[in-house]
Amino acid sequence: MQKGENIVSIALAALVLLAVIALQRKWNPADLKDVANSAEDFIMTTAGIGGQVPDIAGYELLKTFRLGDYRAGLYRATPAPLVFAQGRLVIYDHADQPVYKFETLEGSKDPWSSLYDFDGRHGLTAQGARARSSFTRDLTGNGVPDIIVGQYSGGDHCCTAATILELGKDAVTPIGRIDGIDGLPFEGLEVRKLTKGSSSQCVAHRPYLTICGNHYDAADVLTVYAFTGGSFQDQTANYSDFLQDVLRQDLAKWRQDKNHTMDLLQTVAVDFAVVGQKDAGKRFFALNLSQLMPNLQSHNVDPNACLDALETLVDRVTAANQ
């Protein structure tokens, strides 16, 4: 009863506060919808209806995520040093009991870990007061909500690991992990429906460096993860139509002179390899490398060494998809 009485008291306080706001706005009808939204946000945040999470000694709470029957809190050790600090992401049940925990690394200024926002842009929450977030979605088609947790390693030009969790009625269960995704969460991960059906696929982007250039010249190598056998696994070879479409799009980009860059040239060569045409990829790279000779010379890169490195990469990608 005490908890219910507290919620009612807070709700009444919210109504009083919003009445004052409304009087200050002279009850402008155009603002009434915003006032209603403000009331909902105030009550949800202050009363903790599916919102607040417990405090952890020695940590500051950075963000709270509402996950249906569960909630999650992202914490950072305090005081934080200049660059990064240890963190935790904890998932709680409706009784505020922890049911799943990640040890994380967080930036001292901004959080590095996050949950994939399915209503955001490329998994990132849209900015703005009216932005709405949705961190759960049924990815497998079994009617149970899932989440994707992204954890950044803190390395230069490196990596995010994505963990897919199923939020079952009685337990939170990991059903997939994708390592080595480029950039911060979720710069190198797409959630898409590549075929007709109720399930979704995860498309990971990984940069593969060669002697031909630096990180920004790396090939963008795609891997498709699909739910099979109880977990998300590498199923790239089963999505040939999608991969052929990616090849066509990248070839169209290359036809524009402004896009003649080392990263796109290496990516197209790998695109050919992913669809089973590695020899075509090697030929395409060799025939077009001369256009980038000034770039190689400026970095003191031997063109023959670059060709050898590309062939090694193509062979490696081909073997991985067989």
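Residues numbered from 1 in each chain as written. Predicted model: local features only at pLDDT ≥ 70, side-chain atom pairs only at ≥ 80, totals over all residues. Heavy atoms only, no water.

### Thoughts on the sheet that holds strand β9 (residues 189-192)
Part 1: Across the sheet, which stays open at both edges, the four strands sit in the order β9-β10-β11-β12 with antiparallel pairing between neighbours. The sheet is open, and its two edges are formed by β9 and β12 (231-234), each paired on a single side. Averaged over neighbouring strand pairs, the angle between their axes works out to 30° when direction is ignored. (Pairing = 2+ DSSP bridges. Helix = DSSP H or I, 4+ residues; strand = E, 2+ residues; numbered from the N terminus. Axes fitted to C-alpha atoms, helices over the stretch in contact; angles between N-to-C directions.)

### Observations concerning the state of the cysteines
Part 1: Tallied over the entire structure, the rule returns one disulfide.
Part 2: Between the sulfur of Cys212 and that of Cys306 lies a disulfide, 2.0 Å long from S to S. Handedness here is read from the sign of the S-S torsion; for Cys212 and Cys306, about 110°, the answer is right-handed. You can see Cys212 sitting in the loop between β10 (201-208) and β11 (219-228) and its partner Cys306 sitting in helix α7 (residues 303-320), a full 94 residues away along the chain.
Part 3: You can call Cys306 buried: its relative accessible area is 0%. (Disulfide = S-S within 2.5 Å. Buried < 20%, exposed > 50% of the residue type's maximum accessible area, 1.4 Å probe, protein only.)

### Quick word on empty space enclosed by the protein
Part 1: Counted under the stated rule, the structure contains one cavity of 30 Å³ or more.
Part 2: Size it by volume and the largest cavity reaches roughly 60 Å³.
Part 3: Lining the largest cavity, in full, are Asp220, Val221, Leu222, Leu243, Val246, Val270, Asp271, Val274 and Val275.
Part 4: Elements supplying a minimum of two residues to the lining of the largest cavity: β11, α3 (240-254) and α4 (262-274). (1 Å grid on protein atoms, 1.4 Å probe; cavity = no way out; pocket = protein on both sides within 12 Å on 5 of 7 lines; lining within 4 Å. Points joined across faces, edges and corners; volume = space filled by probe spheres on them.)

### Examining α7
Part 1: For α7, with 18 residues, the first-to-last C-alpha span of 26 Å sits near the 26 Å given by 1.5 Å per residue.
Part 2: Among the residues of α7, those classed as buried are Cys306, Ala309, Leu310, Leu313, Val314, Val317 and Thr318.
Part 3: In this fold, the buried residues of α7 make contact with β10, β11, α4, α5 (278-288) and α6 (293-298).
Part 4: Capping of α7 at its N-terminal end is provided by Asp302; its side-chain oxygen lies 3.0 Å from the backbone amide nitrogen of Asn304. (Expected span 1.5 Å × (residues − 1). Contact = heavy atoms within 4.5 Å. Polar contact = N/O pair within 3.5 Å; in protein donor to acceptor, adjacent residues only side chain to side chain.)

### Remarks on the pattern of salt bridges
For side chains of opposite charge, pairing can occur when their charged atoms come near one another.
Part 1: With the rule as written, the count across this model stands at 10 salt bridges.
Part 2: Across the salt bridge formed by Asp250 and Lys253, the nearest N and O atoms sit 3.7 Å from each other. Here Asp250 and its partner Lys253 are both found in helix α3, three residues apart, which amounts to about one turn of the helix.
Part 3: Taking relative accessible area as the criterion, Lys253 reaches 41% and is therefore assigned partly exposed.
Part 4: Asp315 is the salt-bridge partner of Lys278, the closest N and O atoms lying 3.3 Å from each other. With a gap of 37 residues between them, Lys278 in helix α5 and Asp315 in helix α7 connect regions that are remote in the sequence.
Part 5: Lys278 sits in the partly exposed class, given a relative accessible area of 30%. (Salt bridge = Lys/Arg side-chain N within 4 Å of Asp/Glu carboxyl O.)

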